[in-house]
Amino acid sequence: MAIKLILTDIDGTILPYGKKTVTRRCVDAFHAAMDAGILVGPASGRFYPWIPEFFGGDASCCATAIATNGSQVYLEGKKTLQKEVDPSCVRRAMEVLSDVDSAGLLLFEGETPCLVQGSRDDLLVCFPCYGETCVDRDDVPSAGITKANVFIRGDLERTREVVALLNREVDGLDFDVPQAQFSNVMPAGWNKGAALAWLLKRLGIGRDEAVVFGDAGNDLEMFSTVDHSVAVAGALPEARVAARWHIGAVEDDAVPAAIEALAAGDWPFAR
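Notes on the structure follow. The structure presented is a predicted model; accordingly, all values stated were derived computationally and were not measured.

**What to know about the packing of helix α2 (residues 87–97) against helix α5 (residues 156–169)**
Contact pair α2 / α5: the axes reach a minimum separation of 10 Å and the direction vectors enclose 130 degrees. Comparing their axes, α5 and α2 come out oblique. Between α2 and α5 lies a crossing whose hand is right-handed. In this structure, α2 uses Arg92, Ala93, Val96 and Leu97 to contact α5, whose residues at the interface are Val162, Leu165, Leu166 and Glu169. Here the contact of α2 with α5 is composed, by residue class, of six nonpolar, no polar and two charged.

Written as structure tokens, this is what we have:
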């Protein structure tokens, strides 16, 4: 069996939280895979224009990519798919969140985060970089929303409770749990896994010919889309359970080590 596609989450999987760029070894591992004829890239909740800087500006490392949690797919550095969320559904989510303490909603205009509901002080706790750069906005655009996020001040359990509430009460959107205090907002039925399935079909790659790496709740659908799903040490419990294979920690460059082995034609996972 030859592996033809490798995709990996970024935050907590190849990039330790608090770090700004992946290691040199990670970049080199991506290039080793590419040199071996394997398509390799990130599958992230981040906007595509933000991703190259995580690789030190090396755009070739994300020429193949799933971005904005599946709402954008790139091949050869060109956007080949984009999904948007329904503004009326976003307004319904805001109604539900209006009864939730210390929670709110962000949406993005281009790359600019816009605070449409909730407190900047809470956002600064939940996601400081967005809290520092967001602009206030009083309304929801009538179209063109590619990325939106819910923030929920509190622990992981409270995040899960609020996300469960939103999934019960808001039709037309799905909400996930990538980390405590934060949730991605996606069109119903669309996520990293749906984008991966679309990409596999587009490329003519079988589910047994792809390997995916992740650590969080927004990786679950991606894990179920292929035969070879891999969780790093320290992954959320639901990701560990869903993954077929398990490797070391992000801090130890476990994913780059696995990619190096795959590029060399070896199988790095315990059978």
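Read on, since the account is not over.
**Topic: the pattern of salt bridges**
Scanning all chains against the criterion turns up 14 salt bridges. Here Asp11 and Arg46 are joined by a salt bridge, their closest N and O atoms 2.9 Å apart. One end of the pair, Asp11, is in the loop between β1 (5–8) and α1 (24–35); the other, Arg46, is in the loop between β2 (39–42) and β3 (65–67), and 35 residues separate them in sequence. Exposure remark for Asp11: the relative accessible area of 16% places this residue in the buried category. Judged by relative accessible area, Arg46 falls into the buried class, the value being 16%. In this structure, the salt-bridge partner of Arg207 is Asp227, at a minimum N-O distance of 2.6 Å. In this pair, Arg207 is assigned in the loop between α6 (192–203) and β12 (210–214) and Asp227 in the loop between α7 (220–225) and β13 (228–233), connecting sequence segments 20 residues apart. Given a relative accessible area of 40%, Arg207 falls into the partly exposed group. A cluster of three or more residues bridged by salt bridges with shared partners is formed by Asp9, Lys192 and Asp219.

**Thoughts on the state of the cysteines**
In total, this model carries zero disulfides according to the counting rule given. Between Cys129, a cysteine without a disulfide, and Cys134, which holds the nearest cysteine sulfur, the sulfur-to-sulfur distance is 10 Å. On the accessibility criterion, Cys129 (35% relative accessible area) is partly exposed.

**Quick look at the sheet that holds β2**
With parallel pairing, five strands are arranged side by side in an open sheet as β2-β1-β12-β13-β14. Bordering the open sheet on either side are β2 and β14 (245–249), each of which pairs with just one other strand. Strand-to-strand, the axes of this sheet are offset by a mean angle of 20 degrees, without reference to chain direction. Pairing between β12 and β13: four bridges, direction parallel. Residue pairing across strands places Phe213 opposite Val230, the latter belonging to β13. Strands β1, β2 and β12 of the sheet are contacted by α6, whose axis makes an angle of about 160 degrees with β1.

Cut-offs applied
Residues numbered from 1 in each chain as written. Predicted model: local features only at pLDDT ≥ 70, side-chain atom pairs only at ≥ 80, totals over all residues. Heavy atoms only, no water. Axes fitted to C-alpha atoms, helices over the stretch in contact; angles between N-to-C directions. Helix = DSSP H or I, 4+ residues; strand = E, 2+ residues; numbered from the N terminus. Parallel < 35°, antiparallel > 145°, perpendicular 65-115°, else oblique. Left-handed = near helix turned anticlockwise from the far one by under 90°. Contact = heavy atoms within 4.5 Å. Nonpolar A, V, L, I, M, F, W, Y, C, P; charged D, E, K, R; others polar. Salt bridge = Lys/Arg side-chain N within 4 Å of Asp/Glu carboxyl O. Buried < 20%, exposed > 50% of the residue type's maximum accessible area, 1.4 Å probe, protein only. Disulfide = S-S within 2.5 Å. Pairing = 2+ DSSP bridges.

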